[in-house]
Each structure stands twice: as C-alpha cells, then as structure tokens.
Amino acid sequence: MIRLGVNVDHVATVRQARRVDVPDPVEAALLAEAAGADGITVHLREDRRHIQERDVRILRQRLHTKLNLEMAVTPAMLAFAEDVRPDDACFVPEKREELTTEGGLDVVSHRQKIREGTQRLQSLAVRVSLFVDPETAQIEASRDAGAHAVEIHTGAYCNALSVEREKQLQAILEASKLAQSLGLEVHGGHGLNYDNVLAIAQIPEMAELNIGHSIIARAIIVGIEQAVREMKDLLSKAKE
Ligand code: PXP
C-alpha cells in the first residue's frame, strides 16, 4: 500500500504562535505513528517559523517509523542534516512563502549544487528526494543528480478546477511514469486533502504521499489519531 508521511509542521505553528511548549509536534508525531502513519515529515525552515532544530533532534531519537526532513539546499541545512541523519531528506526551494504561485525545485538550473548535496547526504545513507513540478526536464535532471526519489508537486493539481485539474493530473501521471522508468521512486505532496487525494493515490507508480495541513486541520476537530486513520482508510481504497 502507498505510504503516508504525516507532516506535523503546523502543530508547531500553533505552539510558536505563543512561544510556549504546547502543542508538541513530537507528541503529535508519536500519536500519528500509533494511528498508522508510515513516516513523519517536518520542514525546518530558515526562519524557524514552526519546527525548531530541537524538534528534529528529538524526533530522530523517538520515532518508530522514519523521519523525512524537508530542507533547503543550503550549507547550513546540509550540515544540520549530516549531523542529524534523518532517514530521508526532501530538498525544497529555499524561499517557498507563497501557497499558490510557488513551484518545485529548479533542478535543471541548480544541477551542480543539488547533485553535490544529494551525494553528501546519500553517502551517509540518507535517501534524498527532490520536490519537483511534474515536468520532463526536472525529472530527468533529478535522475542526473543521483536522487533516490522525486516528490512530485501536487499543488497545481490541488488548486485547479475541472478541465485544468484534469490537465494537471495528466501531467502528474506522465511525470510519475517517466520517473519510475528512470529508476526514481515516486512520491507526491502539497495541498492534498481528504477530497482530492484519491486520484493521486491511484497513480500506479506513487509510493508515498506527504500530507500536512489537511490532516492537522482535521486533527483539531477529531484528534490526530482519527484524522490519520481517515486518511489511511482513503489510501487503502486507492489501490484495491
Ligand atoms: N511535501 C512538501 C515537499 C512540502 O513542502 C509540503 C509542505 O511543507 C508538503 C509536502 C505538505 O503539504 P501540505 O501541508 O499542503 O499537505
């Protein structure tokens, strides 16, 4: 079955709103695991607006599944990742502030830097995925960079309606096929929720989805264990 990585960044967003120590993203992550999450994802941003370095270090010690660290490809973040050694690292664009206009990593233009970063982490047995738009050139460049996986940016699909949404889905389908044919594992993420996830989860090549905001939003209403179970149930229907 497709793996579900639960991104707990926004538990930390609520904590940082008051600069106190609750809610604790580590506690949320452990409950998410107990409810069936196959991994936990966090994004340590340059501005530290939600997840803090300490959270990542504690998660590294306490998780039972796997830790996926989303990170910019900067010297500081590479040094941090080398020190913490998450199971997986996902390279994302450095300034990813806007929700609707943001894109994936431009692997084509930053080939050398991304290849070097990938090699540094993979030599320490950290699997690297590159967060890219569903575009042929970016997928091919990801293979050239030596990445283990691509995480295909699903944001444009999630934001689109009707015909445009079909077009975006088609692009993700084709990018997934291409990526797998090049030996890359295929992941997806960004903007996925309980209403739009099924079509993405049904893509045969899709091995892992990383989902944050919708699960944490639902968790506020029904609790994180229930929110994770509901998403897992949807994913289990996708590949029946
Ligand atoms: N995948 C990547 C690479 C991301 O940067 C994010 C957002 O941090 C997600 C997945 C999760 O996105 P969302 O919170 O919209 O589910």
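Whatever comes next refers back to the structure up there.
The text that follows walks through the structure, step by step, so that each part is easy to find. Since we're looking at a predicted model, the values are computed, not measured. Counting starts from 1 at the beginning of each chain's written sequence and moves along it residue by residue. Where totals are concerned, whole chains, interfaces and linings use all residues; where local detail is concerned, this predicted model gives features only for residues with pLDDT of at least 70, and gives and counts side-chain atom pairs only at 80 or more. Remark: hydrogens and water are excluded; side-chain values derive from all non-hydrogen atoms of the structure.

Overview of the packing of helix 4 (residues 75-84) against helix 5 (residues 111-122)
Here is step 1 of the chain: One can describe the packing of helix 4 onto helix 5 by two numbers: an axis separation of 10 Å at closest approach and a directional angle of 15 degrees. Between helix 4 and helix 5, the crossing angle belongs to the class labelled roughly parallel. For the pair helix 4 and helix 5, the crossing hand works out as right-handed. Listed contacts from helix 5 to L78, A79, A81 and E82 of helix 4 are G117, R120 and L121.
Here is step 2 of the chain: All amino acids are sorted into three groups, where Ala, Val, Leu, Ile, Met, Phe, Trp, Tyr, Cys and Pro are nonpolar, Asp, Glu, Lys and Arg are charged, and the leftover types, Gly among them, are polar. A per-class count over the contact of helix 4 with helix 5 returns 4 nonpolar, 1 polar and 2 charged. Lines fitted to the C-alpha atoms define the axes, with helices restricted to the stretch that makes contact. Angles between their N-to-C directions range from 0 to 180 degrees. For helices the rule is a DSSP run of H or I covering at least 4 residues; for strands it is a run of E covering at least 2, with both sets numbered from the N terminus onward. Note that the term roughly parallel is reserved for angles under 35 degrees, roughly antiparallel for angles over 145, roughly perpendicular for angles of 65 to 115, and oblique for everything else. Rotating anticlockwise by less than a right angle from the far helix to the near helix defines a left-handed crossing, while the corresponding clockwise rotation defines a right-handed one. Pairs of residues are marked as contacts when any of their non-hydrogen atoms sit within 4.5 Å.

Details of the environment of T41
Here is step 1 of the chain: With respect to the element layout, T41 can be found in strand 2 (residues 39-43).
Here is step 2 of the chain: Sequence separation between T41 and A137 is 96 residues; the distance between their C-alpha atoms is 26 Å.
Here is step 3 of the chain: T41 has contacts with G5, V6, N7, V8, D9, N68, E70 and N210, leaving out every residue within four places of it along the chain.
Here is step 4 of the chain: Pairs of N or O atoms are called polar contacts if they sit within 3.5 Å, as long as, within protein, a hydrogen donor faces a hydrogen acceptor (for residues adjacent in sequence, only side-chain-to-side-chain pairs). In terms of polar contacts, T41 uses its side chain to reach the side chain of N210, at 2.8 Å.

Focus: unusual backbone geometry
Here is step 1 of the chain: The residue after V22, namely P23, is reached through a cis peptide bond having omega -10 degrees.
Here is step 2 of the chain: At R85, a position not held by glycine, the phi torsion is positive, near 50 degrees.
Here is step 3 of the chain: With respect to the helices and strands, R85 occurs in the loop between helix 4 and strand 4 (88-91).
Here is step 4 of the chain: Each residue gets one of three labels from its accessible area relative to the maximum for its type: buried under 20%, exposed over 50%, partly exposed in between, using a 1.4 Å probe on protein chains only. Residue class for R85 comes out partly exposed when judged on its relative accessible area of 43%.
Here is step 5 of the chain: With a phi angle near 105 degrees, H190 is a residue other than glycine that sits in the positive phi range.

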